[in-house]
Amino acid sequence: MGRSQWIEVLNKLPMLIELHLDDCSLFGSIPSPSFVNFTSLSVIVISSNEFNSTFPEWLLNVSSLVSIDMSLNILHGRIPLGLGELPNLQHLDLYGNYLEGSISQLLRKSWKKIEFLNLCENDLHGSIPSSIGNFCNLQYLDLNNNNLNGSLPKIIYGTETCNSKSPLPNLRALYLFGNQLMGKLSNWLGELKNLEQLDLSHNQLQGSIPNLIGNLSNLHSLNLRNNQLSGTLTEQHFWKLSNLEYLYIDSNSFRLDVSSNWTPPFQLRYLFMGSCHIGPTFPAWLQSQKDLQYLDLSNASISSSIPNWFWNISSNLEYLILSHNQLQGKLPNSNIGEFLPNLYFLSFSGNGITGTIPDSIGHLTSLGVIDFSSNTLTGSIPSTINNCFSLNVLDLGNNNLSGMIPKSLDQLQQLKSLHLNHNKLSGELPSSLRNLTGLDILDLSYNNLSGQIPAWIGTAFPNLVILNLRSNMFSGRLPSLLSNLSSLHVLDLAQNNLMGEIPVTLVELKAMDQDHNMSISSLYDNRSSYRYEERLIVITKGLTLEYTRTLSLVVSIDLSDNNLSGEFPEGITKLFGLMLLNLSMNHIIGRIPESISKLRQLSSLDLSSNKLFGSIPSSMSLLSSLGYLNLSNNNFSDKIPFIGQMSTFTESAFVGNPNLCGAPLVKKCQDEGKDKSVEDKIDSGFVDQWFYLSIGLGFAVGILVPYFV
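So, how was this worked out
Residues numbered from 1 in each chain as written. Predicted model: local features only at pLDDT ≥ 70, side-chain atom pairs only at ≥ 80, totals over all residues. Heavy atoms only, no water. Phe/Tyr/Trp six-rings, centres within 6.5 Å; stacked < 30°, edge-to-face > 60°. Lys NZ or Arg CZ within 6 Å of the ring centre and 35° of its normal. Helix = DSSP H or I, 4+ residues; strand = E, 2+ residues; numbered from the N terminus. Contact = heavy atoms within 4.5 Å. Pairing = 2+ DSSP bridges. Axes fitted to C-alpha atoms, helices over the stretch in contact; angles between N-to-C directions. Buried < 20%, exposed > 50% of the residue type's maximum accessible area, 1.4 Å probe, protein only. Disulfide = S-S within 2.5 Å. Salt bridge = Lys/Arg side-chain N within 4 Å of Asp/Glu carboxyl O.

Draft legend 1. Local environment of the packing of aromatic side chains. As enumerated under the stated definition, the model contains 23 aromatic pairs in all. Counting every residue linked through ring pairs, the aromatic cluster contains Y246, Y248, Y270, F272, Y294, Y319, Y344 and F345. Sitting above the plane of the F272 ring, R225 keeps its charged end 4.9 Å from the centroid.

Draft legend 2. Up close: the environment of L171. As for its placement among the helices and strands, L171 is situated in the loop between β12 (147-151) and β13 (173-175). Sequence-wise, L171 and L141 are 30 residues apart; in three dimensions their C-alpha atoms are separated by 7.9 Å. Once you skip the residues sitting within four places of it in the chain, L171 turns out to touch L138, Q139, Y140, L141, L192, N194 and L195.

Draft legend 3. Quick look at the sheet that holds strand β41 (residues 589-590). The parallel open sheet is built from four strands, whose spatial order is β41-β43-β45-β46. The open sheet terminates on both sides in strands that have one partner only, identified here as β41 and β46 (659-661). As paired elements, strand β45 (residues 635-639) and β46 share three bridges and run parallel to each other. The partner of S637 across the bridge, within β46, is N659.

Draft legend 4. Just the sheet that holds strand β8 (residues 98-102), in detail. Ordered by their spatial adjacency, five strands build an open sheet running β6-β8-β10-β12-β14, and the pairing between neighbours is parallel. Of all strands in the sheet, those with a lone pairing partner are β6 (76-78) and β14 (180-182), marking the two edges. Neighbour-to-neighbour, the strand axes of the sheet open up by a mean angle of 15 degrees, direction not taken into account. Judged from the two bridges that link them, strand β10 (residues 123-126) and β12 form a sheet pairing that is parallel. What sits directly across from H125, in β12, is N147.

Draft legend 5. Looking closely at the pairing of strand β31 (residues 448-452). Sheet topology places strand β29 (residues 424-427) next to β31; two bridges connect them, and they run parallel. Counted as the bridge partner of S426 is N448 from β31. As paired strands, β31 and strand β33 (residues 473-477) are joined by three bridges and run parallel to one another. Pairing of S450 across the sheet is with M473, part of β33.

Draft legend 6. Layout of unusual backbone geometry. A cis geometry characterises the amide bond from G279 onward to P280, with omega recorded as 15 degrees. Relative to the helices and strands, P280 resides in the loop between β21 (270-272) and β22 (294-296). Note that the residue after A663, namely P664, is joined by a cis bond; omega there is 10 degrees. With phi around 55 degrees, S48 is a residue other than glycine that occupies positive phi space. Relative to the helices and strands, S48 is located in the loop between β3 (43-45) and β4 (50-51). Judged by relative accessible area, which is 30%, S48 ranks as partly exposed.

Draft legend 7. Representation of the side chain of S483 within the structure. Inspection of the secondary structure assignment puts S483 in the loop between β33 and β34 (490-492). In this structure, S483 is in contact with T505, L506, E508 and L509, ignoring residues within four places of it in sequence.

Draft legend 8. A look at the state of the cysteines. Under the definition given, this model contains two disulfides. For C136, the disulfide goes to C162, at an S-S distance of 2.0 Å. Given an S-S torsion of about -85 degrees, the disulfide between C136 and C162 has left-handed geometry. Residue C136 is found in the loop between β10 and β11 (140-142), and its partner C162 is found in the loop between β12 and β13; the two are separated by 26 residues along the sequence. A relative accessible area of 14% means that C162 is categorised as buried. Shown here is the disulfide that connects C661 with C669, its sulfur atoms set 2.0 Å apart. Judged by the torsion about the S-S bond (100 degrees), the C661/C669 disulfide is right-handed. Comparing C661 with C669 shows no difference in burial state: the two are buried.

Draft legend 9. Representation of the pairing of β29. Because side chains alternate across β29, one face comprises the buried residues L425 and G427, and the other comprises K424 and S426, none of which is buried. Note that strand β27 (residues 402-403) and β29 share two bridges and pair parallel. Looking at β29, one finds that S402 is bridged to K424.

Draft legend 10. Main features of the pattern of salt bridges. Summed over the entire model, instances satisfying the criterion amount to five salt bridges. Across the pair E245 and R269 runs a salt bridge, and its minimum N-O distance is 3.0 Å. Here R269 lies in the loop between β20 (253-256) and β21 and E245 lies in the loop between β18 (228-233) and β19 (246-248), a separation of 24 residues in the sequence. With a relative accessible area of 23%, E245 lands in the partly exposed category.

Draft legend 11. Main features of the environment of D22. Within the element layout of this structure, D22 appears in the loop between β1 (18-20) and β2 (27-28). D22 gets classed as partly exposed once you look at its relative accessible area, which sits at 35%. Separated by 369 residues in the primary sequence, D22 and L391 have C-alpha atoms spaced 40 Å apart. The contacts of D22, once residues within four sequence positions are left out, are V45, I46, S47 and N49.

Draft legend 12. Fine view of the environment of S475. In this structure, S475 sits in strand β33. On the basis of relative accessibility, which here comes to 30%, the residue S475 falls in the partly exposed class. Taking the C-alpha atoms as reference points, S475 and N563, 88 residues apart in sequence, are found 9.2 Å from one another. Discounting chain neighbours no more than four positions away, the residues touching S475 are G451, Q452, I453, N497 and L498.

Structure (structure tokens):
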């Protein structure tokens, strides 16, 4: 049967009741029959194909239809309003297409028997009308990830139509997340007596949560995260939520006010209260939650120590995020692996935790992420950490850890991100690190590490995106094999004692060539680390900046403040994707090549405090993205090409070059002074202007010719 003939063939089956062609690799447009003969058709399922078509309006003539499923295709155009008038339609699923239309107009139709309505992930717009309350049989409504706007209706009609005291009496699931809804939450949400799932996350809703929400005794999941909601949450907001298992209210501005002996009516599996004001004391009511799997209390204004009972809270706990509070005290020395055998994600970053990292950390063998960054931990890195075989991320940065990097870290074969920056670690890099072949990020900056940068770094890490060894005591020459790091976006070796020439092989850093520029979104998309956010300190434009979500945009080389010598590496101008280049405070000689104009993405260039000489290339005026330039304290000479982008920089970018002249410097160039005197004579008006013009031109030629011969 040809792909364009299937409708005509099936149209010859007037007694056909159900048509199931889901996931059949059908594509193209949905053909229209010459006449509609599906007089008995009740169910049509053509989902998960590649139909690139408008909605087949001939279906509006099939009054027997009970269920339509055209989800996950490439349908486009408007959703026919006539769908709402099909007298027997109970199930409509158009999820995952490109269909358009006004939700206000669509939901004003009768939809007499509709029970299941899924229009999510399309391009619907407008606000939800009050008439939605007339859908007496509606059980499931999903409008997520559209372009809905406006406020939720303050009231909804239909209690009389549905012969019920409550609106939408059969509604069990309401999904409106990922739109642009504004305004306050309506009280009628708390009157949906049979509601089990409510998701209004990722909108722009404001105000407080109505107390009536606490009446939803059948509610199983409540998701209000990522809005602009505020106000105080009391016990009344939860008092009948005995069936609640999933609570997401993070990324709002709530304040929790419950008594110290409150016992919630629910047993939660997922609890996300990040950015809610819960503290200052650690919430004692958590003691009652024995089924927790995910717990996020980040940025919750908790400033006490972690009570001992907490470590035995739930053997099911997989994700534990207590970052960015003011937690005090030490990590437990007891075998927490015995209490938390399934823990995968552990984050205490940004607190005041003291003491050492306990050896018992090695008993948490399911851990994929350890983030203890930005505390005041001391002592050495325990060698037992090598027992965490599943570890993807190890972030111990910004502490006071000392000693050497354990050789046993090479057992962490799944490790992708290693942050040991801003500590007091010493010694040489252990050669065993070369076994961590899956590393994406290696940040050992701001320590006391010494010795040479080993050549094996260039061959051991084929996927390395960020290499940061800044501010240590590394010495010797730069390994030429660094050029093998074909995925590298950031190379920071500043503030060490490196010497010798910059390897010409740096031109082979392919990921810094815009023609081969690689996205590092994989650091976030493909890692099962849930909410770990990569971050990197970059010194650029004279400022210290922390990159997080925009880290994938950074392409930089920083070799500043070393003892590097030799000529400016012209090959570096072939790294067309380079955004930040800092070679300052070295002993580099030679000229800036004209080919530097090829670095069209360059936004920051610092070559200050070297021994560069010659003219500043006029081609630099073509660097339209350049926002920061520092060429100070070199031996540049001649006139500054103060045109194009170069005219945006002040005197500070050029000071300390005695032989430079012209704007923006106060020092004028020799030819500028003589040209000015000619202009004065021409303007004097004492003699014939044409006579003096000829004298002026001859004089100018006499001055300028030596500069061009």
